[in-house]
Amino acid sequence: MTHPFLDLPPLSAAHFAEIERRVARLLRTEQDVVIMQGEALLPLEACIRSGARPGSTALNVVTGPYGQTFGNWLRDCGAHVVDLAVPFHTAVTAEQVGIALAEHPEIDFVSLVHAEAATGNTNPVAEIGAVVREHGALFMLDAVASVAAEPLLPDAWGVDLCVIGAQKAMGGPAGVSAVSVSERAWQRFAANPQAPRRSYLSLLDWKERWIDGGRKALLHAPAQLEMLALEACVERIESEGLDAVMARHATAAAATRAGAVALGGGLEPYVYAAADAAPVATTLRTPAGVDAAGIVARALAADPVLPLVAGGGALAKEMIRVNHYGPDATRGVVHASLAALGAALGEAGIQVDLEAARRAVTAAWA
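Note that residues are indexed from 1 along each chain, following the sequence as it is written. Restriction of local features to residues with pLDDT of at least 70 applies here, the model being predicted, together with a cutoff of 80 or more for giving and counting side-chain atom pairs; totals for whole chains, interfaces and linings are based on all residues. Note that water and hydrogens are dropped before the side-chain values are worked out from all heavy atoms of the structure.

The criterion, for reference: UniProt positions are given in the numbering used here, feature names are shortened, and annotations may be inferred rather than shown by experiment.
The name given to the protein in an unreviewed UniProt entry is Pyridoxal-phosphate-dependent aminotransferase family protein, and the organism recorded there is Streptomyces monticola. The UniProt entry for the protein carries the following comment under Sequence similarities (unreviewed entry): "Belongs to the class-V pyridoxal-phosphate-dependent aminotransferase family." Comment text from UniProt for the protein, heading Cofactor (unreviewed entry), reads "pyridoxal 5'-phosphate".

Below, the structure is given as structure tokens:
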């Protein structure tokens, strides 16, 4: 029997390289782009293990759970880590980063998450990049949740390592990811005796055997279905237009925020300032004494395909996340999500105004 997912012709090195070039155009970068055959945690860990080592000092900005993960990896590499943590309901500022760098002039590596989908905030990378560039540290950015949802300009912002995944705003697969690598990042990796080699985590293997070899022979058999899905989602973004895709996400975020406030019942944005809120997902704080996980469960019982989830860990009791990204960044999804949340709150005995929420969403989209 044949199947559309099976018995496909092999993905050639030339085809793989063309997909890399299209991803590079999406990032508007002239740096080398490596597509890695795994979820975005793969290149994120690869960047840290290639760039950090005993004797190095890293500034790790923590605005959500992924920043905490990066700190653990940096310490595991033997680096001294300076954590700059801010409350999850806000964003870090370039001034705060500048103060940390001034207090620790030995810092040579900076890790930052652009948009934290888990907490709903986004950080001002352009301003932070200028401060990091002036200091001279290597700058790693997790842009998995921001790519295609908001402006992302790694070259203009001085980002040395920009990691993306396709599963959020790009509307693509989760099993493949990419990283753009600056020349000075390659030099740092090559000078690090602890950088992974002959390993699935090795970026240097991709540099030496793939890029320097003229992209003629792949290191191993590619994840063919994921690569084809990545190509398809890039084609879809190109067809719609990147600016239009980002505008759609920004409108979905503004509509969700406005609709939640109008809904009432004590539901309010988790990220205080709209300027700090990520376009990829909107996080909401439930009223005191109202279990967020319970409200989400009620809402999903009525419509299980809605992009609603409770916060992770301790946040499950107080945070609801509306994941309006990719194909879900639409007025219909936002309307349905808030209607389901409103109904769930109503079932819990909390008075809400569904019509006011509907009007607010419509007005934001208009």
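### Describing the nonpolar core
The cut-off we apply is this: Buried Ala, Val, Leu, Ile, Met, Phe, Trp, Tyr and Cys residues form a nonpolar core when they are joined through side-chain atoms within 4.5 Å. The buried label applies to any residue whose accessible area, calculated with a 1.4 Å probe on protein chains only, is under 20% of its type's maximum; exposed applies above 50%, and partly exposed to all values in between. In this description a helix means any DSSP run of H or I spanning at least four residues, a strand means any run of E spanning at least two, and both kinds are numbered starting from the N terminus.
Core analysis: the largest hydrophobic core is formed by 95 residues, its most contacted members being L59, L161, I164, M170 and L230. Counting residues per element, this core draws most heavily on helix α1 (residues 13-27), which supplies eight residues. Residues A310, A329, L341 and A357 belong to the second largest nonpolar core, which totals 26 residues.

### Section: the sheet that holds strand β9 (residues 177-181)
By definition, the strands of a sheet pair up through backbone hydrogen bonds, in either a parallel or an antiparallel sense. Selection rule: In this analysis, strands are considered paired if DSSP registers two or more bridges between them. Axis angles are defined between N-to-C directions and span 0 to 180 degrees, where every axis is a line fitted to C-alpha atoms and, for a helix, only to the segment in contact. Note on contacts: a residue pair qualifies if any of its non-hydrogen atoms lie within 4.5 Å across the two residues.
As summarised here, the arrangement of the seven strands in space is β1-β9-β8-β7-β4-β2-β3, forming an open sheet in which the pairing is mixed. Each edge of the sheet is formed by a strand with only one pairing partner; in this case those strands are β1 (32-36) and β3 (80-85). Put simply, the sheet's adjacent strands are angled 15 degrees from each other on average, direction ignored. Relative to β9, β1 is paired through five bridges, and the arrangement is antiparallel. Considered in β9, the bridge of M36 is made with S177. Along the sheet face, helix α3 (residues 65-76) touches β2 (57-62), β3, β4 (109-113) and β7 (138-142) and points at about 165 degrees away from the line of β2. Its contacts with the sheet place helix α5 (residues 125-135) against β4 and β7, and it is angled at close to 160 degrees to β7.

### Here's the deal with the UniProt feature "domain: Aminotransferase class V" (unreviewed entry) in the protein
The feature "domain: Aminotransferase class V" (unreviewed entry), as given by UniProt, occupies residues 16-255 in the numbering adopted here. A distance of 38 Å separates the end C-alpha atoms of residues 16-255, which is 43% helix and 17% strand.

### Regarding the side chain of E150
Threshold: Neither His nor the chain ends contribute to the count of charged residues, in which Lys and Arg are positive and Asp and Glu negative. For this document, the term salt bridge refers to a Lys or Arg side-chain nitrogen within 4 Å of an Asp or Glu carboxyl oxygen. A 3.5 Å cut-off defines polar contacts: any pair of N or O atoms within that distance qualifies, except that in protein one atom must be a possible hydrogen donor and the other a possible acceptor, and neighbouring residues in sequence count only when both atoms are side-chain atoms.
Structurally, E150 is set in the loop between β7 and β8 (161-165). Buried charge without a partner: E150 forms no salt bridge, and the closest opposite charge is K168, 12 Å away. Of the polar contacts made by the side chain of E150, one reaches the side chain of H114; its length is 3.5 Å. Filtering out sequence-adjacent residues up to four positions away, E150 remains in contact with H114, A115, T122, M246 and P279.

### Some details on the packing of aromatic side chains
Heads up, the rule is: Two rings from Phe, Tyr or Trp (for Trp, the six-membered ring) form a pair when their centres are within 6.5 Å of each other. A pair whose planes differ by under 30 degrees is stacked, one over 60 is edge-to-face, and the rest are tilted.
Counted under the stated rule, the structure contains five aromatic pairs. Each ring, one from F16 and one from W206, has its centre 5.9 Å from the other, and the planes form 15 degrees; the classification is stacked. On the criterion of sequence distance, the pair formed by F16 in helix α1 and W206 in helix α7 (residues 203-211) is long-range, its members being 190 residues apart. As far as the burial class goes, F16 and W206 line up, both buried. Taken together, the ring pairs connect F16, W206 and W210 into an aromatic cluster.

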